[in-house]
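For reference, the chains in residue letters:
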Number of protein chains: 2
Amino acid sequence: MYGRYTQDLGTFAKDEAARLRLQEGDTPRPRRPSELLEYTQGRCAPCRVCALQCQRFLISKVGEDWVFLILLGLVMALVSWAMDFAIATCLQAQKWMYGGLDTNVLLQYMAWVTYPTVLITFSAGFTQILAPQAVGSGIPEMKTILRGVVLKEYLTLKTFVAKVIGLTCALGSGMPLGKEGPFVHIASMCAALLSRFLSLFGGFYENEARNIEMLAAACAVGVGCCFAAPIGGVLFSIEVTSTFFAVRNYWRGFFAATFSAFIFRVLAVWNKDEETITALFKTRFRLDFPFDLQELPAFAVIGIASGFGGALFVYLNRKIVQFMRRQKTINRFLMKKRLLFPALVTLIISTLTFPPGFGQFMAGQLTQKDTLVTLFDNQTWAKQGISDEFEYLGILEAWHHPRSNVFITLVVFILMKFWMSALATTIPVPCGAFMPVFVIGAAFGRLVGESMAAWFPDGIHTDSNIYRIVPGGYAVVGAAALSGAVTHTVSTAVIVFELTGQISHILPVMIAVILANAVAQSLQPSLYDSIIRIKKLPYLPELGWGHHEKYNVRVEDIMVRDIRYVTLNCKYRDLQQVLHSTKMKNLPLVESAESMILLGSIERTQVGALLNSQLSPQRRLLTLRQKVLPEDGHRLSDSSIRFQISTETSSGTPARPALRKPLKPALKRVPSSPADSPPVGSPDHTGIALKSLFCANAATEPTEAQGTAYHKAKRVRISIVEEMILGDKMTPAEILEWEEQQLDQLVDFSSAKIDPAPFQLVEHTSLHKTHTIFSLLGLDHAFVTSIGRLVGMVSLKELRKAIEGSLTGKGVKVRPPLASFRDSTASTTEADTTALRQLWDRHQHHHMPREAGPGGEDDDDTNK
Amino acid sequence: MYGRYTQDLGTFAKDEAARLRLQEGDTPRPRRPSELLEYTQGRCAPCRVCALQCQRFLISKVGEDWVFLILLGLVMALVSWAMDFAIATCLQAQKWMYGGLDTNVLLQYMAWVTYPTVLITFSAGFTQILAPQAVGSGIPEMKTILRGVVLKEYLTLKTFVAKVIGLTCALGSGMPLGKEGPFVHIASMCAALLSRFLSLFGGFYENEARNIEMLAAACAVGVGCCFAAPIGGVLFSIEVTSTFFAVRNYWRGFFAATFSAFIFRVLAVWNKDEETITALFKTRFRLDFPFDLQELPAFAVIGIASGFGGALFVYLNRKIVQFMRRQKTINRFLMKKRLLFPALVTLIISTLTFPPGFGQFMAGQLTQKDTLVTLFDNQTWAKQGISDEFEYLGILEAWHHPRSNVFITLVVFILMKFWMSALATTIPVPCGAFMPVFVIGAAFGRLVGESMAAWFPDGIHTDSNIYRIVPGGYAVVGAAALSGAVTHTVSTAVIVFELTGQISHILPVMIAVILANAVAQSLQPSLYDSIIRIKKLPYLPELGWGHHEKYNVRVEDIMVRDIRYVTLNCKYRDLQQVLHSTKMKNLPLVESAESMILLGSIERTQVGALLNSQLSPQRRLLTLRQKVLPEDGHRLSDSSIRFQISTETSSGTPARPALRKPLKPALKRVPSSPADSPPVGSPDHTGIALKSLFCANAATEPTEAQGTAYHKAKRVRISIVEEMILGDKMTPAEILEWEEQQLDQLVDFSSAKIDPAPFQLVEHTSLHKTHTIFSLLGLDHAFVTSIGRLVGMVSLKELRKAIEGSLTGKGVKVRPPLASFRDSTASTTEADTTALRQLWDRHQHHHMPREAGPGGEDDDDTNK
């Protein structure tokens, strides 16, 4: 089972209480010192109490939110800076090796190729061993987590370590990989760990809602400290991870991201890398006339082309993944040698970028950062189409090839990097795709800019002043447009402003980004949504742009009508049947099969627990004890004492063997292991051993994973011991007879945990509205009711199907616009009236006879 | 009654259908031509059909969202540009008058003072007469509207005209007023009008959810085209108007705001005001070393001081409004002469800014725009504290006073403008406070910057290069910080980047804005929230920062327990009692008083309609007809035909006089006039004339305000005519007797509109969660249920009280942290169990006898 949905509103409060109580029961240490201290009568006790109170006051006054966000920003800035430092060192080492071996091309090639291969292989192996969850970008997972799904092991220290080290190695190899996506994940893990750490000092870090808020802020910090772009970071993280954004969280993101970006840049100043705090890729375009109005069509072209390019990138990336998965033979071979695929890909890519080889046509010797610096360069490389007018200095030299011109170099660079990036991001190492795409976009923009500069050597402006075209500005526009198209975000515009430190190209950038988004969104899902689909994460897809028919599909078109339910006056046998006939995790509880009035919902495991407590050996023992002689009862009570002692350690309250039903029902959580779903298939084989095992399993699942195995093992042992003591008292036939008898009893729901207010929808709620509500409240399912009566159920599955359009195939009529409204008005009134009349009639018949003359009433009705 | 809340989920679909149907019934014109054309057999009919289909295809393909947003952006850019042009002309006229009369100071003074007074008085009078809703900023109202509340007349053409003309005059007067808030309102009105206009061509503009989405985009356009700041506009409008923001709306705002800003700036280029598209207040700070790290404390000081200043501004503004309202004598006088207050305020302010008078110490001759341009100036005004080293050129001269230095001028400017702005924004004209505050902030920043420049004449940096301090950068920081503090937004940072066209000061600006927000938010509500409170708009306050106790207040602490309800098997007399005993707008419908199972909710007006149809003269007539002779019935049916003809025009279906209950119950909307609440006080005085009036009123409210008065009048006339025909058949005593008899009948709910799934909460839902849900779904009230049983109700009122902290006074226990969780776990289980047992017992008794041995069961229970 992949994830557990956040429970509905009703269950939430209980669960929280339960968790807290259990945690207090399990780990009372962090709370105890301060509370106990006041009772320890030492000499300096008053001082300590005073100090503690001061500390408490400080904590309560400063506000933990601030403390938390500052700490998070600080830690992330340090991590980001340290990683950048390590990556730069790695890249320098490669350059040094390559430069030192310039006597022999073969040796040079060996060094050039081996170094990244070793690093990538190490990174892949390390993450594979330590935490496979660290692989990839992390943004899709964060999107899912912020949706309310709990993904296992995604926010642990192990994953953190694996991601940081794996990412450093992967980026240090010089492959076209990015650090932005992984940084979102790293920041989130950092927030989760910090939250757990700070909860040692205060109690407010326990709240689930608050943790989600902090995770959202952490995503902003991740982007913010990666690019030193606080505003862009906040916006990008909102666009990428949220469906509905709580504006009250806004300041958190801004605060933490700004602090983080500040520290990140201050570290550079302190390290004497920079003179003062400036942008990461500072540009120096002229301010007074950044671009001409007539250049705008060129920017629009960049936007539209980037849109197509972005969609192509996502498509290519997905196809590569799917190809690798589908090809059984390749796959089997690669699965056996898990590290072969990364090594192979690295080998190919680094061979192609080898500077004396093919790399000379694509500026292969430049690192990603150098490439970006050169692309954003202020000068025009090509004038009049002849490249040799301009002197290439420093790292710009890489773009210059004696036998070709800069246009060819740029085109080759774009084409090669495109597939290389799409391929490299499928390697199972921690890596993002934002930076590679950003670089490709910048190169594309530069290409258009250089072409424009060649076409209009003296600029377009017709007035007295000559304003030359600035190809660097085109590079900025291209970078924002392509990265926006791949990620389906507009905030890449803000990121480029913050990255370059110039906002003069705001309108071209905005126009290009919006056009790129419009094209890309109509062709492909975003890269992150694509990964979500590939990984089959439980996420609700977005409603598309302008899909007006979504307003006309209604819940009744997509809901499941044939659902199993539990009635208030049902027998245990009915419970058993329901359990066997459905796999729903939440069963509706209705008043009776005739009225179908929805009273609440009950979890599947609770039903299982009810059934098991009814058929448990303990109750059988009780029946036995009532039948057999007193001395036998004495012997049994002896065993019960033994039993009591042995369970006491596992839970605070003494367990009574006479009542082995789930202890503290409100404290239980959804056990998500498939073990506690009942054995499907044979309803009669509710055998003894299996059942007792099942019962022990279902009844003793503690809240957290901690200690589960131990408890489970103990319980199983206990129940087996018990079984041995009691089992021989009854023959299997007797047991079966007793069980049959028990199954005919009415269910006593008083010990079950019932969600008293499950979320309800009406049949006529539109798909659009349903989607909104599901996204807003993070729902997993909702019951469809009509005047209190249960008529159906909608779960994420149906909703996803309806949105992805596989609806029409399944017999759902998609109405023409407006027609549905006409239908619905009539049918609504009719259906509701009928339902109401039934209810009313029921009352009339059951409770009291009709008083007033029915003739008049009926007349009314027929007149209508 | 001020506003009508968006209905709950259940009602929404029905209402929408109802509205559409009604609209179709009322105005079938726009739809008819295309549909009818295909049947008109003319010569060019096929061509026309083809053209129409092409048009349809285009509309459906291009996507109306795009068309709509482009049109909106275009219109708003034109409006903004035209207004700017008109305002500039007004201001130039004043300057020209003032300049032309420089021979006589008295004449100069008269001209200086009269001109703004006349303009402001005209503006106040004009808006007062045409649309008083146009007064003020509009952002608070938009915030409320986006929350789902419908404010009457706020989005009409009349208000649009009043706001545009009033705002132009008000800003043309040169008073310290802003155009940003009103522009949000203007853009929203523009969107609403455009939406109504475009609905003539297509059907998709009808959707309420879509309209809200479009309004959100319009707010962004308003800010965007006001400052030519698309990104800042989107962010500011999100922060100011939303609680939860749907990320899928994001692109709409960006698209429309970018297009609008683009057109707005292109118009300036075409008008030869600018050479190319640039920022509105372009700065030219040096790029290579914008600020030193050691200057950051000064920026932090600006932020903190701005925070206090912003809070003071909000406080002052509110106090002025409250003072004006409280002072009965002043108020009475001013209310009589509505235009006196604006004239008086304008007189005082313009007298003080008279350049040859006190104005010379505060740069009084500069317009707001010029002030800002000078404050963002690149040069340092004061060096070494002596102001005369620097030559003040052009408009900079205004800041220079021969007998004082620039520091004094700045201080005087700040102090005077501060109270002037706070006072001026209370004038009842369309005006915002953003720009005045922005200017004051810039002046404050400049003051700090000049002080720093005087303190460190050669800059702080200790290296070889001398980087002088740039006071203009401080002005930018101050402007962002103070406007951020007053509005409680962080996006003012982005706005200043876009306004100045430079992002080099990003970190100082972010730090100052965040600090200013932190200080201001802990002291005062934002200016807009303050206005919301003053105007008592139905808005839910935000949860404060770090109010952790909110997590511990639960619904059961704040809910109303003693609520009136309607049972399924009640009599009409019960309905009457319920109506008289409560003022709730939505009554819960429960199965029976014993079970209290919530089936749905029924609107108060529906209950009234049920009661009235039962007691209506028509039913009396029916009773009569059944008694009296056939020829009498013949005569009556005659009248019924007359009646039928006269109503036919008002609604599509023929009304039957024999059944004067609300026509098409599903088609009805909540009539929001207080007239249709039943007469409170005397339950026996359900007299004839009053009742028929009431009935007619309640039964014939059409969807929109259009035509209501006409219909109402007609219906009343009809019912009076009818009354005259029928009334004399029975004596009042007979009528009373008949009514008493009718009241004892059981209620037939089949004709009433019932919301089948009202929103439900559980007792243990936390206040935090409740607030979230109310904000997310735009709820007005929610029922509190426990396993299907109604136990209470929470409305906005209770929630607002709980959040604003007046809770503790009303007997609510605010628990210590964590304690509540402990309580709840125990009590939950207990209460739930009891309730469940009751239900269960009821079923046991009513439906079937206990089958299994009750001994064992009871044993279980006692053992527990």
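Every value quoted in this text rests on a predicted model; they were computed, and no experiment measured them. (Residues numbered from 1 in each chain as written. Chains lettered and ligands numbered in written order. Predicted model: local features only at pLDDT ≥ 70, side-chain atom pairs only at ≥ 80, totals over all residues. Heavy atoms only, no water.)

## Concerning the sheet that holds strand β7 (residues 754–755) of chain B
Whether parallel or antiparallel, the strands of a sheet pair through hydrogen bonds between backbone atoms. Residue and element names in this part refer to chain B. Overall, mixed pairing links the 4 strands, which are arranged β4-β5-β6-β7 in an open sheet. Taken across any chain shown, the strands that pair with only one partner, and hence form the sheet edges, are β4 (566–567) and β7. Two elements, β4 and strand β5 (residues 586–590), share 2 bridges in a ladder whose sense is parallel. What sits directly across from V566, in β5, is L589. Here helix α24 (residues 604–614) sits on the sheet in contact with β5 and β6 (598–603), set at roughly 80° to β6. (Pairing = 2+ DSSP bridges. Helix = DSSP H or I, 4+ residues; strand = E, 2+ residues; numbered from the N terminus. Contact = heavy atoms within 4.5 Å. Axes fitted to C-alpha atoms, helices over the stretch in contact; angles between N-to-C directions.)

## Points about the packing of aromatic side chains
Residues and elements named next belong to chain A. Counted according to the given criterion, the structure contains 38 aromatic pairs over all chains. Their ring planes at 25° and their centres at 5.5 Å tell us that W81 and F85 sit as a pair that is stacked. Of this pair, W81 and F85 are both found in helix α4 (residues 64–100), 4 residues apart, which corresponds to roughly one turn of the helix. In this structure F85 comes out as partly exposed when scored by relative accessible area, which is 48%. Measuring from ring centre to ring centre gives 6.0 Å for F358 and F361, while their planes differ by 50°; the resulting arrangement is tilted. The class of F361 is partly exposed, set by a relative accessible area of 28%. An aromatic cluster is built from F227, F236, F376, F434 and F438, whose rings are joined through pairwise contacts. One residue, K179, lies across the ring of F183, its end atom 4.7 Å from the ring centre. (Phe/Tyr/Trp six-rings, centres within 6.5 Å; stacked < 30°, edge-to-face > 60°. Buried < 20%, exposed > 50% of the residue type's maximum accessible area, 1.4 Å probe, protein only. Lys NZ or Arg CZ within 6 Å of the ring centre and 35° of its normal.)

## With respect to the side chain of Q502(B)
Relative to the elements of secondary structure, Q502(B) occurs in the loop between α19 (492–500) and α20 (506–523). The exposure class assigned to Q502(B) is buried, which follows from its relative accessible area of 6%. Looking at Q502(B), its side chain comes within polar contact range of the main-chain nitrogen of F285(B), at 2.9 Å. The residues contacting Q502(B), other than those within four sequence positions of it, are L287(A), I503(A), T283(B), R284(B), F285(B), L287(B) and F497(B). (Polar contact = N/O pair within 3.5 Å; in protein donor to acceptor, adjacent residues only side chain to side chain.)

## Brief notes about the sheet that holds strand β4 (residues 566–567) of chain A
Residues and elements named next belong to chain A. Spatial ordering of the open sheet is given by β4-β5-β6-β7, a layout of 4 strands whose pairing is mixed. Only two strands of the sheet have a single neighbouring strand rather than two, namely β4 and β7 (754–755). Both strand β5 (residues 586–590) and strand β6 (residues 598–603) contribute to a ladder of 5 bridges, which runs antiparallel. Across the sheet, the residue bridging to V590 is L598, located in β6. Lying on the sheet, helix α24 (residues 604–614) is in contact with β5 and β6; it crosses β6 at an angle near 80°.

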